[in-house]
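# Structural description and commentary
Single-letter residue listing:
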Amino acid sequence: MVVAEGKPQSSIDTAEAPVAPDPESRIRALFAETICLMGRRKRAPEIEIGFHAFAGLNSYIRIRNQKVVIRISDILLGAPLEVLRALARILVAKLFRQKVDGEATQVYSAFVSDPAIRSRVETARGLRGRKRLTAPQGRYRDLDRSFDRLNREFFGGNLPKPRLSWSQQKARTVLGHTDHVHDTIVISRRLDSPSIPNYLFEFVLYHEMLHLKHGSRLINGKRYCHTRAFRADERRFPSYLKASARLGRLSNPLG
Ligand SMILES: [Zn+2]
């Protein structure tokens, strides 16, 4: 999220946090083990795992820049180990284009058809219906076009495109927001204006795109979004200093 009056966010910095055996590391280890086993290799490749509050239980696995990138729904974070093991076998089979074994499919299907899980998915879906989205083309700016440009320049074109929308109101404080539940980036209408320089608009969009790239990390039960790696990526934006200074001033209603 980009908020115009930015409190320093340096406290949200996870690099020095103690490494706890959180669900994320456990799942990562599980995938590493499964990749070695099913791919008959001694060493697991680098794995990037993200938990996204997608409305459904969609998961994906792909290879990107020699890394195995996995995204799974955060509904699965608390799933029993055997379910996660089954999911790892299903996804890794897809990765290696192997036949998915029936037992894994059975274990995973039993979990996702559990009424408690179904109701969580339904709740997430219900929210999607209530969300009002606009077309990505504004009056002066095109979210679609800028997303593609930034994706090419900073993400090697690899960032899956979410839904892009302008906010209903010209929000003064929240300039951008990434909604993982609805896989949507919403940018304040206030930035769809000739009085706002294009680099500023694109910086806000870029910040939200970084949320898609980095997801969140769960450390000791707390979620962190603006991690050190996130902030480092943010500084790669060419007008970073200018843009962040200007964002501070935007909080002034007259500014
Ligand atoms: Zn943010």
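Residues numbered from 1 in each chain as written. Predicted model: local features only at pLDDT ≥ 70, side-chain atom pairs only at ≥ 80, totals over all residues. Heavy atoms only, no water.

### Regarding the environment of Val-204
As for its position among the elements, Val-204 is in helix α6 (residues 198-214). Of the residues examined, Val-204 reaches a relative accessible area of 0% and is grouped as buried. Separated by 43 residues in sequence, Val-204 and Leu-247 have C-alpha atoms that sit 9.1 Å apart. (Helix = DSSP H or I, 4+ residues; strand = E, 2+ residues; numbered from the N terminus. Buried < 20%, exposed > 50% of the residue type's maximum accessible area, 1.4 Å probe, protein only.)

### Observations regarding the confidence of the model for the chain
Per-residue pLDDT for the chain has a mean of 81; in total, 81% of the residues score no lower than 70. Strand β1 (residues 2-3) is the least confidently modelled element of the chain, averaging 64 in pLDDT, while helix α5 (residues 143-155) averages 97, the highest of any element. Counting contacts from residues 5-20, a segment whose pLDDT is below 50, to residues more than four positions away or on other chains yields 20 contacts. (pLDDT = per-residue confidence, 0-100. Contact = heavy atoms within 4.5 Å.)

### Concerning the pairing of strand β2 (residues 46-52)
Most of β2 sits inside the fold, with 5 of its 7 residues counted as buried. Sheet analysis places β2 next to strand β4 (residues 67-73), joined by 7 bridges and oriented parallel. Within β4, the position partnered with Glu-46 by the bridge is Lys-67. (Pairing = 2+ DSSP bridges.)

### What to know about the sheet that holds β4
Judged by pairing direction, the sheet is mixed, and its 3 strands sit side by side in the order β2-β4-β3 without closing on themselves. Two strands in the sheet have a free side with no partner beyond their single neighbour: β2 and β3 (60-64). Pairs of neighbouring strands in the sheet enclose a mean axial angle of 20 degrees, with direction left out of account. Where β3 meets β4, 5 bridges bridge the pair, whose relative direction is antiparallel. What sits directly across from Ile-63, in β4, is Val-68. Together, β2 and β4 form the strand contacts of helix α1 (residues 23-39), whose direction differs from that of β2 by roughly 135 degrees. (Axes fitted to C-alpha atoms, helices over the stretch in contact; angles between N-to-C directions.)

### Remarks on the pattern of salt bridges
What the rule picks out here adds up to 12 salt bridges. A salt bridge links Asp-144 to Lys-161, with the shortest nitrogen-to-oxygen separation between them at 2.9 Å. Taken together, the residues span a long stretch of sequence, with Asp-144 in helix α5 and Lys-161 in the loop between α5 and β5 (163-166) at a distance of 17 residues. For Lys-161, a relative accessible area of 38% gives the class partly exposed. Bridged by salt links that share partners, the residues Asp-144, Asp-148 and Lys-161 form one connected network. (Salt bridge = Lys/Arg side-chain N within 4 Å of Asp/Glu carboxyl O.)

### Notes on the packing of helix α2 (residues 81-95) against helix α3 (residues 102-112)
Put simply, α2 and α3 touch, their axes get as near as 8 Å, and they point 125 degrees apart. Considering the angle they form, α2 stands oblique to α3. Crossing handedness for the pair α2 and α3: left-handed. In this structure, α2 contributes Glu-82, Val-83, Ala-86, Leu-87, Arg-89 and Ile-90 to the contact, and α3 contributes Glu-103, Ala-104, Thr-105, Val-107, Tyr-108 and Phe-111. The residue makeup of the contact of α2 with α3, split by class, is 8 nonpolar, 1 polar and 3 charged. (Parallel < 35°, antiparallel > 145°, perpendicular 65-115°, else oblique. Left-handed = near helix turned anticlockwise from the far one by under 90°. Nonpolar A, V, L, I, M, F, W, Y, C, P; charged D, E, K, R; others polar.)

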